[in-house]
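Commentary on secondary and tertiary structure
Letter by letter, the chains look like this.
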Amino acid sequence: MIARIVKIAILATATICAAAQSTQDALFSSTTGTPYEVEIDSLSLTDVATGAKDIATIHNNRPFNVIATLKWNQEIYNLDSSNSLEWVLFVDGVYQSDGTVDLNEHRALPTTLEAGTATVYNSGSHNIAVKIKVDDMKNENERDYESFASGASFVPLLMVMIFAATTHMVELSLGMGIFVGSCMVAGTLTAGFRNMLDVYLLNAVSKKDHAYVFLFILFMAGLVGLIEKSGGLRGITESLKKYVKTSRSAQAASLFSGVIIFFDDYANTLVAGASMRSLADACGVSREKLAFIVDATAAPIASIVPISSWVGFEVGLIQDQLTTILEQDPNPDIATTGFGVFLETIQYRYYCIFMLFLLPLLVVSGRDMGPMLIAERKIKVYGRTDGGDGAAKSADGQVKSENMPEADTPCKWWNMAVPIASLVGYIFYLLAYTGQSGENDSFMKMMENSNSYQALLWGTMAAALTSVFGALVCLVLAWATGEIMQAVGLNRLFGEIITGSLDYRVLPTLSFVISVMIAFATGTSWGTMTIMFPLVLVPSYQASGGNAAIFYGVAAGVLAGAVAGDHASPISDTTILASMATECEILAHVKTQAPYAMLVVFWSILVGTIPSGWGAFANWVSILLGLGMMAFHVVFTAEAPINKTGRYDIFTELYLRFSKNTNKTLKKLKEDTVIAYETGEPVLLLRSVSSMDLDFVAEKRTSLPPMTAFSISGDETSSDEEV
């Protein structure tokens, strides 16, 4: 019995071995004698210094690796072949290097080939060619690249800034930068123009993530239009008017209007500026102050609120660079989604935080400084209700919405509150829904893992057009500008500087300062973000060794710096829109707002980006210090428009003391301020009764015609009857 079992086992084993041998013979025979067929599908270059892949241009004296993508006719090895792939690299027909790849060392036939390193030393067009050979089979591929000095990569950016400063046309400026950069990549004007249209602009429109942003903006615009047409926006401002009786309350109402319209900076500026203008005039608020409040509550709020027309754009820019980082480091110490990084950067956006704290302090205290103090003083000292010297001289600059409600539409505040509450609820639900990966996920974890594109898009669809064509054109141009900056290698130049000679701890400050300058020169915050993120985000991560605080600080520096420079720029779209909506002269608005913007920029650097970069103390300490400095300036350097001595703020007083050309207008205004304080009446009223001395006028105030009377403190105005 045992012998029989053993015999059966032996027969079974022999059968299995024979079958295995037959299968192996069949497999080998299928490849024996079948020659390889391989071709070089494409060539690409990688910058050695920065690791930037698939570069479109070459910088002189900078080495680069040549990568060939291979395409095989089969996926298994040929037993009759030498299984040896030979390659040779040529630059402009001149031999550079060669090598051999042993195919037996790979588990599968390689799809990419590192075909050596080369360097070019002169500008112009260069031909990169790679030849390969396997047994008797040969193939080659070549590609032409333009090269120039690394400093020349600044040219497109300079073109944007020069055209923006001279023409004040953002679209033309960005378009010229794209065209010049495209010509540098292509080598000729004709090819450059064709590539600008067929490659850069088309790519900017066709990307899936960009399409999400497009649709989000369109649906958000539709929601804003719905709210405006239903009378919701007007209803909010009409409700506020019931509580506005003084200059301080008028400013507070304007500030509140700007805060609650957080979802779009354009809607914020247009609605708050146009609706509060007449009320502010009647309460003795200068047009410059109204324009400042409207402008300073638009972008700073819209840029940091997770539900706005900005967030999709900002998240998309961050995600593009985050994808590159994740390819290099699959397990980083930072958030792995663009929305997660966006949320982390909010605490480092010192300019936005400090500005949003400074505004309420100025409004509540009734104090100002610099040109703004002068503008407010002229209004209150002379009892003007026409908006002051900064009011636009003609009505041609008025901005009127084409979506105003019909005359019989009931303008109720809930027509805005209900859609906005629905929008917020939908988006937060969808953010949590798309980011849920487990039953015990925290809310912040779900926010970081969420698909913000889908949540924002679906949310705006569920909650809901104004004319957004111009904004979408600028958006496409901004995306294309960012891509062209990478094509000419400006990101590589910045990468070399950042990873080479700079201490990575200065990067949050550097990114903030450069963003401020670019935004000021170009007048576009979105364009600045598009330019800066590819230049600094990945190099900063590499230089800091993946330090999360540095990475978030750099990203926040770009986002906040773009807003800061945009605020101070005379050619910014929001600056112009705020001026037009409030009917304030543009230069008057810029002159009075810029000092506040620069003050906040200064302290954002001194107590914000520098300490956070060097790790001097916790970030919450930076925020508290910044808020403290804002309060310090309001209390100790700003002044009330009406005060006992007529003094100006310390900066204006220093100007008057050391100015060679004595400003008679400011001195006269100072004297009139003292008179207005002592009498409690506008100075123009006193001049109409010049035969009376001041004491007599003070005693007879009640017998004079009713006019706006100033309180003794001078920081508030009240009206005895409707102006």
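Residues numbered from 1 in each chain as written. Predicted model: local features only at pLDDT ≥ 70, side-chain atom pairs only at ≥ 80, totals over all residues. Heavy atoms only, no water.

1. Quick notes on the overall build of the protein
If you tally the helices and strands in the protein, you get 29 helices and 10 strands. Out of the 723 residues belonging to the protein, those deemed buried represent 53%. For the protein, the exposed area adds up to about 31700 Å²; of that, 60% sits on carbon and sulfur atoms. (Helix = DSSP H or I, 4+ residues; strand = E, 2+ residues; numbered from the N terminus. Buried < 20%, exposed > 50% of the residue type's maximum accessible area, 1.4 Å probe, protein only. Areas by Shrake-Rupley, 256 points an atom, 1.4 Å probe, with all protein chains shown as cover.)

2. Re the sheet that holds strand S4 (residues 84-91)
Spatial ordering of the open sheet is given by S2-S8-S7-S4-S5, a layout of five strands whose pairing is mixed. Each end of this open sheet is capped by a strand with a single partner; those strands are strand S2 (58-59) and strand S5 (94-102). (Pairing = 2+ DSSP bridges.)

3. Looking at the environment of Lys 71
Mapping Lys 71 onto the fold places it in strand S3 (residues 64-72). Placed 30 residues apart in sequence, Lys 71 and Asp 41 show a C-alpha to C-alpha distance of 6.0 Å. Contact partners of Lys 71, with chain neighbours within four places excluded, come to Glu 37, Val 38, Glu 39 and Asp 41. (Contact = heavy atoms within 4.5 Å.)

4. Some points on the layout of surface pockets
What the second largest pocket holds in volume is close to 920 Å³. What lines the second largest pocket is a set of 31 residues, among which Lys 53, Gln 321, Thr 324, Gln 486 and Asn 491 lie closest to the centre. Elements with a minimum of two residues in the lining of the second largest pocket: helix H4 (189-206), helix H11 (311-328), helix H18 (469-487), helix H19 (490-500) and helix H21 (525-543). When residues of the lining of the second largest pocket are assigned to their parent elements, the largest contribution, six residues, is made by H11. Along the lines of polarity and charge, the residues of the lining of the second largest pocket split into 11 nonpolar, 12 polar and eight charged. (1 Å grid on protein atoms, 1.4 Å probe; cavity = no way out; pocket = protein on both sides within 12 Å on 5 of 7 lines; lining within 4 Å. Points joined across faces, edges and corners; volume = space filled by probe spheres on them. Nonpolar A, V, L, I, M, F, W, Y, C, P; charged D, E, K, R; others polar.)

5. Regarding unusual backbone geometry
A negative phi angle is the norm for most residues apart from glycine, just as the trans form is the norm for most peptide bonds. Of note in this structure, Asn 61 is not a glycine but carries a positive phi near 65°. Residue placement: Asn 61 occurs in the loop between S2 and S3. With a phi close to 60°, Asp 135 is a non-glycine residue in the positive phi region. On the secondary structure map, Asp 135 appears in the loop between strand S7 (124-134) and strand S8 (137-148). Given the relative accessible area of 30%, Asp 135 is considered partly exposed.

6. Here's the deal with the sheet that holds strand S6 (residues 112-118)
If you trace the three strands from one edge of the open sheet to the other, you get S1-S3-S6, paired in antiparallel fashion. Pairing within the sheet leaves two strands with one partner each, and these edge strands are strand S1 (38-47) and S6. Across the sheet, the mean angle from the axis of one strand to that of its neighbour is 25°, orientation sign disregarded. Pairing of S3 with S6, which is carried by five bridges, proceeds in the antiparallel orientation. Bridged to Ile 67 within S6 is Glu 114. (Axes fitted to C-alpha atoms, helices over the stretch in contact; angles between N-to-C directions.)

7. A short note on the confidence of the model for the protein
Regions with low pLDDT carry predicted coordinates that are not meant to be interpreted in detail. Scored by pLDDT, the protein has a mean of 77; 72% of the residues are at 70 or more. Low pLDDT, under 50, characterises residues 461-467; the predicted model gives this stretch 17 contacts beyond four residues in sequence or across chains. (pLDDT = per-residue confidence, 0-100.)

8. Remarks on the packing of aromatic side chains
By the definition in use, this model includes nine aromatic pairs. Ring centres of Phe 90 and Tyr 95 lie 6.4 Å apart, and the angle between their planes is 75°; this geometry places the pair in the edge-to-face category. Seen from their ring centres, Phe 292 and Tyr 596 are 4.8 Å apart, and the 20° between their planes marks the pair as stacked. Looking at Phe 292, the relative accessible area reads 0%, which means it is buried. Judged by its relative accessible area of 1%, Tyr 596 falls in the buried class. Cation over ring: Lys 131 sits above Phe 90, and NZ or CZ is 5.1 Å from the ring centre. A cation over an aromatic ring shows up here: Arg 377 above the ring of Tyr 648, its NZ or CZ 4.7 Å from the ring centre. (Phe/Tyr/Trp six-rings, centres within 6.5 Å; stacked < 30°, edge-to-face > 60°. Lys NZ or Arg CZ within 6 Å of the ring centre and 35° of its normal.)

9. Quick look at the side chain of His 633
Among the secondary structure elements, His 633 is positioned in helix H25 (residues 619-637). Beyond its immediate stretch of four places on either side in the chain, His 633 contacts Met 369, Leu 599, Trp 603 and Ala 638.

10. Remarks on the nonpolar core
Formed by 101 residues in total, the largest nonpolar core has its most connected members in Tyr 351, Met 529, Phe 533 and Phe 551. Broken down by element, the residue count for this core peaks at 13 residues, all from helix H22 (residues 548-568). With near-sequence residues (within four places) excluded, Tyr 351 lies in contact with Phe 512, Ala 560, Val 563, Ala 564, His 567, Ala 597, Val 600, Val 601 and Ser 604. The next biggest cluster of nonpolar side chains, apart from the first, holds 30 residues, and it includes Val 91, Ile 128, Ile 132 and Met 137. (Core = buried A, V, L, I, M, F, W, Y, C linked by side-chain atoms within 4.5 Å.)

11. Some words on helix H14 (residues 370-381)
Compared with the 16 Å implied by 1.5 Å per residue over 12 residues, the 16 Å span of H14 between its first and last C-alpha is a close match. In terms of residue burial, H14 counts as a mostly covered element, since 10 of its 12 residues are buried. All of the buried residues along H14 are Gly 370, Met 372, Leu 373, Ile 374, Ala 375, Glu 376, Arg 377, Ile 379, Lys 380 and Val 381. Count one or two residues on from H14 and you reach Gly 383, which has phi positive near 60°. (Expected span 1.5 Å × (residues − 1).)

12. Re the packing of helix H12 (residues 338-345) against H22
Any two packed helices are characterised by the angle at which their axes cross and by the distance between the axes. At a closest axis distance of 9 Å, the pairing of H12 and H22 adopts a crossing angle of 80°. Our classification of the angle between H12 and H22 gives roughly perpendicular. Contacts between H12 and H22 involve Val 341, Glu 344 and Thr 345 from the first element and Phe 551, Tyr 552, Ala 555, Ala 556 and Leu 559 from the second. Here the residues of the contact of H12 with H22 sort into six nonpolar, one polar and one charged. (Parallel < 35°, antiparallel > 145°, perpendicular 65-115°, else oblique.)

13. Considering a negative patch on the surface
Negative charge collects at one region of the surface, where Asp 92, Glu 140, Glu 142 and Asp 144 lie side by side. Locating Glu 142 in the fold gives a position in strand S8. (Patch = residues over 30% accessible without salt bridge, like charges linked within 9 Å, V, L, I, M, F, W, Y side chains within 5 Å. Salt bridge = Lys/Arg side-chain N within 4 Å of Asp/Glu carboxyl O. Lys, Arg positive; Asp, Glu negative; His and termini not counted. Charge placed at Lys NZ, Arg CZ, Asp CG, Glu CD.)

14. Considerations on the environment of Val 48
For Val 48, the position within the fold is in the loop between S1 and S2. Linking Val 48 and Thr 117, residues 69 residues apart in sequence, is a C-alpha distance of 8.5 Å. Once you skip the residues sitting within four places of it in the chain, Val 48 turns out to touch Pro 63, Phe 64, Asn 65 and Thr 117.

15. Brief notes about the pattern of salt bridges
Tallied over the entire structure, the rule returns 11 salt bridges. As a salt-bridge pair, Asp 386 and Arg 384 come within 3.1 Å of each other at their nearest N and O atoms. Lys 670 is paired through a salt bridge with Glu 653; the nearest N and O atoms lie 3.1 Å apart. Placement of the pair is Lys 670 in helix H27 (residues 664-679) and Glu 653 in helix H26 (residues 650-658), with a sequence separation of 17 residues. The class of Lys 670 is partly exposed, set by a relative accessible area of 25%. Among the residues examined, Glu 653 registers a relative accessible area of 22% and is labelled partly exposed. Overlapping salt bridges, with partners in common, bring together Lys 378, Arg 384, Asp 386 and Asp 389 in one network.

16. Focus: the pairing of S1
Of all 10 residues in S1, seven are buried, a share of seventy percent or more. Bridge count between S1 and S3: nine bridges; the pairing is antiparallel. Bridge assignment links Ile 40 to a residue of S3, and that residue is Leu 70.

17. Some words on the side chain of Thr 592
Residue position: Thr 592 is located in helix H24 (residues 586-614). Given the relative accessible area of 2%, Thr 592 is considered buried. Residues in contact with Thr 592, not counting those within four places in the same chain, are Glu 288, Pro 371 and Met 372.

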